[in-house]
Amino acid sequence: MFLLYHQSHAEAHVILHSRHRRLHLARRTFSAFALLSSFVWPFVRAEAQQSRVPVPRDTARISLPDALTRALRANPELAATRLDIAVAQGQLRQARLIRSNPSADFLTTGSSGTRPEIGLSQEIEIGGQRGRRVAVANAGVARARLGTANATRVTLADVERDFYRIVAAGRRAALADEVLALNERLAQVAVRQLREGEISKLDYNLTVIELGRSRSQALGAHRDQESASLEFRRLVGIATDVVVVPVYDSLHRHARIDSARGTVELRWSTLATGRTLAGAPATDTLVTLDGLLSRAISQRPDLAERDAAISEAQALVSLSRREALPNLLARVVVEQSNDGGRTAIRPGIGMSLPVFNRQQGETEARRAAASQAMLDRVATATRVRVEVEQSYRAYEAAATAVEVLESTVLGPARDNRRLLEAAYREGKVGLPVLLLIRNQVIGAEQDYWTAWLAEREALAELAAAIGLGRDEASVMEGVRE
């Protein structure tokens, strides 16, 4: 009985030991498969994503000069605004014509035996009414031309700002993709380290959280890039199915501000050589802020348009007064004599009598419109001064921020980005420290591009506030030279 029990116990022990060995082997196999899949899965996922990638769209590499030239040629809003000039020129042509056409009438033989007669009459304006209408139309043409120039200034400033926004958005998207790729590698390593007990669940959860955040940030960065690209394509007349790749190495607007002296220098120059371009709207001479204000007042097309509007309104008041004057009416009647003999020609003259309608309401309305135009001009001048000073101060602050970031923050931050992952692989820093330092250097890079964009936008605003937008065509000619 004892021997039988001992033999049964030994067999049970062997069976249990065999089961433990098979379970251990299964665990090792599963661990090896999980480790292998952690390396293989990203490539499988990449292949799957590539199979779902849509057909590549056309790509347009475009520099800032190209963008400005395209906008001048293809922007639909500018094209519509230019037609205002054609409309005003048509009105000028009409104003130069004689207002009233001749009128003719024919009277048949009457019952009393009167002979048939033919009459011809022509209204003749006096008091220079036609000259006043021509003056109104000329002012309208000048106003349309200046309005077009102002629309060009505003549109080109928008193009320049949106170009810089695409550049900054592209840099942010590339940075977000780089962070996402790093977090994906960290997550793969963290899976292995957690399985082998090298890191805690807390550290592993940090990598999961950072991976999710980086995916969200990458999606947001690409969404911002696409949004900026859509607006830019609208301004320069590029189809929405074309991918725009900005080329920021050929031309940029350069500025230098001396805060102590209160002076500023604006010019176009190439990034590669810093050479000032021929035809640039600014010279090497530094201009004070007061000088910039004076320059804006003298060359802003919207202010000149307000002046043309005042001239037009005043000419309309004068025209309204003169239209109240009586006009002459010259008349000629051709008739036969009663005896059927020779034909008689009888000239006559008449005059309109402004008894009821003397343009009272029209004159009053046009006087009010002239006063309104004067006040509008004063308001525009005030707005111009504010725009110049605001853009000047904004650029001064943004340029200072960029200089500080470039000189004291950006270099060390980029060095840390290169050194950080290697230090982690070598075990010199832990995962929490890695994520903390990495977020700090990425934040510094994001801060730089935010400040860079603010500087570029402020500079574009300053140039537009001074009124340089309408000179961009000459700048582009300098680029071609």
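Conventions we followed
- Residues numbered from 1 in each chain as written.
- Predicted model: local features only at pLDDT ≥ 70, side-chain atom pairs only at ≥ 80, totals over all residues.
- Heavy atoms only, no water.
- Salt bridge = Lys/Arg side-chain N within 4 Å of Asp/Glu carboxyl O.
- Buried < 20%, exposed > 50% of the residue type's maximum accessible area, 1.4 Å probe, protein only.
- Helix = DSSP H or I, 4+ residues; strand = E, 2+ residues; numbered from the N terminus.
- Polar contact = N/O pair within 3.5 Å; in protein donor to acceptor, adjacent residues only side chain to side chain.
- Contact = heavy atoms within 4.5 Å.
- Phe/Tyr/Trp six-rings, centres within 6.5 Å; stacked < 30°, edge-to-face > 60°.
- Core = buried A, V, L, I, M, F, W, Y, C linked by side-chain atoms within 4.5 Å.
- pLDDT = per-residue confidence, 0-100.
- Patch = residues over 30% accessible without salt bridge, like charges linked within 9 Å, V, L, I, M, F, W, Y side chains within 5 Å.
- Areas by Shrake-Rupley, 256 points an atom, 1.4 Å probe, with all protein chains shown as cover.

1. A short note on the pattern of salt bridges
Where side chains of opposite charge bring their charged atoms close, a pairing between them can arise. As enumerated under the stated definition, the model contains 24 salt bridges in all. Arg192 is the partner of Glu196 in a salt bridge, and the nearest nitrogen-oxygen pair spans 3.8 Å. Exposure remark for Arg192: the relative accessible area of 22% places this residue in the partly exposed category. A salt bridge links Arg306 to Asp376; the nearest nitrogen and oxygen atoms lie 2.8 Å apart. In this pair, Arg306 sits in helix 7 (residues 301-323) while Asp376 sits in helix 8 (residues 360-425), placing the two residues 70 residues apart along the sequence. Overall, the relative accessible area of 33% leaves Asp376 in the partly exposed class. One continuous salt-bridge network, built from bridges that share partners, spans Arg153, Arg300, Asp302, Arg383 and Glu387.

2. Considering unusual backbone geometry
Of note in this structure, Gln359 is not a glycine but carries a positive phi near 60 degrees. As for its position among the elements, Gln359 is in the loop between strand 9 (343-351) and helix 8.

3. Examining the side chain of Ser214
In this fold, Ser214 is placed in helix 5 (residues 201-236). On the accessibility criterion, Ser214 (3% relative accessible area) is buried. Among the polar contacts listed, one links the side chain of Ser214 to the side chain of Asn183, at a separation of 3.1 Å. If we skip the residues at most four places from it in the chain, Ser214 touches Val179, Leu180 and Asn183.

4. Considerations on the packing of aromatic side chains
Following the criterion strictly, the structure yields five aromatic pairs and no others. Between Phe163 and Tyr164, the ring centres sit 6.0 Å apart and the planes meet at 70 degrees, which makes this aromatic pair edge-to-face. Note on accessibility: Phe163 and Tyr164 belong to one class, buried. Residues Trp449 and Trp452 carry aromatic rings whose centres are separated by 5.3 Å and whose planes lie at 70 degrees to one another, so their mutual orientation is edge-to-face. In this pair, Trp449 and Trp452 are both assigned in helix 9 (residues 431-466), three residues apart and thus about one turn of the helix distant. For Trp449, a relative accessible area of 10% corresponds to the buried category. Connected via pairs of aromatic rings, a cluster forms that spans Phe163, Tyr164, Phe232, Tyr448, Trp449 and Trp452.

5. Considerations on the nonpolar core
By size, the foremost hydrophobic cluster in this structure holds 29 residues, and its most contacted members are Val159, Phe163, Tyr164, Phe232, Val236, Tyr448 and Trp452. Only strand 1 (58-63), helix 2 (64-74), helix 4 (129-195), helix 5, strand 4 (242-247), helix 8 and helix 9 provide two or more residues apiece to this core. When residues of this core are assigned to their parent elements, the largest contribution, seven residues, is made by helix 4. If near-sequence neighbours (up to four positions away) are discounted, Val159 is found in contact with Ala67, Leu68, Ala71, Phe232, Leu235 and Val236. Counting 14 residues, the second-largest nonpolar core is a separate cluster that includes Leu289, Leu462, Ala465 and Ile466.

6. Observations concerning the confidence of the model for the protein
When pLDDT is averaged along the protein, the result is 77; 75% of the residues meet or exceed 70. Averaged pLDDT values over the elements of the protein bottom out at 42 in helix 10 (residues 472-480) and peak at 93 in helix 3 (residues 76-96). Low pLDDT, under 50, characterises residues 23-56; the stretch is placed with nine contacts to residues that sit more than four places away or in other chains. Of the regions scoring below 50 in pLDDT, residues 270-285 engages in 41 contacts with residues more than four places distant in sequence or in other chains.

7. Overview of a nonpolar patch on the surface
Taken together, the side chains of Phe106, Ile118, Leu120, Val332, Val334 and Ile345 make up a nonpolar region of the molecular surface, amounting to roughly 540 Å² of accessible area. Elements that contribute at least two residues to the nonpolar patch include exactly strand 3 (117-124) and strand 8 (328-336). Its place among the elements puts Leu120 in strand 3. Residue class for Leu120 comes out partly exposed when judged on its relative accessible area of 47%.

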